[in-house]
Amino acid sequence: MSFTTEASRAIRSTIVLWVISAVIYPFAMIAFGQIVFPFQANGSAIQNAQGQVVGSALIGQPFTSDRYFNSRPSTTSYSTADPNKDEGGVLKTGVSGASNLAPSNPALLERIKGKDDPDPSKRVEGDLNRLKTVGVRPTADLVYTSGSSLDPHITPEAARAQVARIAKARGLQPQQLETLINQNTDGRFLGIFGEPGVNVLKLNLALDALKSAS
């Protein structure tokens, strides 16, 4: 068999494999995702009552108002840092991730408020005091950040700990909020993996809908 024949066969094989792996397969997966899992394939986007996309079910957002269920603290402020005011260096090494500080490191508890206020404050201690002041029993996920700092969930216990504060701020009955929490609690994956969690964005959207309905 001549060199020309071998070379031609190799080139044809390469082209066929390229078409299958680089064209047919990716487009087949895109079509499969759009048909079978359209919500997940399009970023798990969450819409409000007006049909506007307000976030993703996979990425947390900061909620700190007494009228809403507060989200878990984030070392990256959920990637909402302003590039022009990035005193904490949030955007220097990416938009997600933990602080990588050991539990024994005192810097884990500290947060620099900024150039206008050079005195350090204790972030964890400050959150503990803030929660206690508004009558919220602190839970671990309301005080400590997650590994990614983009966690969209809090535990059902953390959500229930905020019921009294939100009920007072919105003039609602605690039982109404308990029902919302139960309705928006995600169970374990396949019933055995992980722990139940409450998506804070979904819960707060349901909370606004409850307010408007009442």
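To start, this report covers the structure provided alongside it. (Residues numbered from 1 in each chain as written. Predicted model: local features only at pLDDT ≥ 70, side-chain atom pairs only at ≥ 80, totals over all residues. Heavy atoms only, no water.)

1. What about the sheet that holds strand 7 (residues 197–199)?
Taking strand neighbours across the sheet as the criterion, the 3 strands line up as 5-7-6 in an open arrangement whose pairing is antiparallel. Each having just a single partner strand, strand 5 (153–154) and strand 6 (185–186) make up the two edges of the open sheet. Sheet topology places strand 5 next to strand 7; 2 bridges connect them, and they run antiparallel. If you follow His153 over to strand 7, its bridge partner there is Asn199. (Pairing = 2+ DSSP bridges. Helix = DSSP H or I, 4+ residues; strand = E, 2+ residues; numbered from the N terminus.)

2. Focus: helix 7 (residues 174–183)
Along an α-helix, a turn takes 3.6 residues, which lines up residues three or four apart on a common side. Considered for burial, the residues of helix 7 that qualify are Leu177, Leu180 and Ile181. Along the long axis of helix 7, the arc covered by the buried residues comes to 100°, so they all point the same way. Across helix 7 from its buried face, at more than 90 degrees, point the exposed residues Gln175 and Gln183. (Buried < 20%, exposed > 50% of the residue type's maximum accessible area, 1.4 Å probe, protein only. Arc of directions from axis to C-beta.)

3. Considerations on the packing of aromatic side chains
In total, this model carries 3 aromatic pairs according to the counting rule given. With 6.1 Å between their ring centres and 70° between their planes, Phe32 and Phe37 make a pair best called edge-to-face. Given a relative accessible area of 44%, Phe32 falls into the partly exposed group. Owing to a relative accessible area of 42%, Phe37 belongs among the partly exposed residues under this scheme. Relative to Tyr68, the ring of Phe63 lies with its centre 5.9 Å away and its plane at 45°, an arrangement referred to as tilted. (Phe/Tyr/Trp six-rings, centres within 6.5 Å; stacked < 30°, edge-to-face > 60°.)

4. Focus: unusual backbone geometry
The backbone phi angle of Ser44 is positive, close to 50°, even though this residue is not glycine. Within the secondary structure, Ser44 sits in the loop between helix 2 (38–41) and strand 1 (45–47). Given a relative accessible area of 4%, Ser44 falls into the buried group.

5. What about helix 1 (residues 3–36)?
The terminal C-alpha atoms of helix 1 lie 47 Å apart, and with 34 residues this matches the ideal 50 Å at 1.5 Å per residue to within 8%. Remark: the principal bend of helix 1, roughly 30°, maps to Ile24, with a proline, Pro26, within the next four residues. (Expected span 1.5 Å × (residues − 1). Bend = angle between axes of the 7 residues up to and from the residue.)

6. Quick look at the pattern of salt bridges
Across all of its chains, the model carries 5 salt bridges by this definition. Between Glu178 and Arg160 there is a salt bridge; the shortest N-O distance is 3.5 Å. Here Glu178 is found in helix 7, whereas its partner Arg160 is found in helix 5 (residues 156–161), with 18 residues between them in sequence. (Salt bridge = Lys/Arg side-chain N within 4 Å of Asp/Glu carboxyl O.)

7. Quick word on the environment of Gly135
As for its position among the elements, Gly135 is in the loop between helix 3 (123–133) and helix 4 (140–143). Remark: the alpha-carbon pair of Gly135 and Val163, spanning 28 residues in sequence, is separated by 9.7 Å.

Interpretation note: all reported values are geometric properties and have no functional meaning in isolation.
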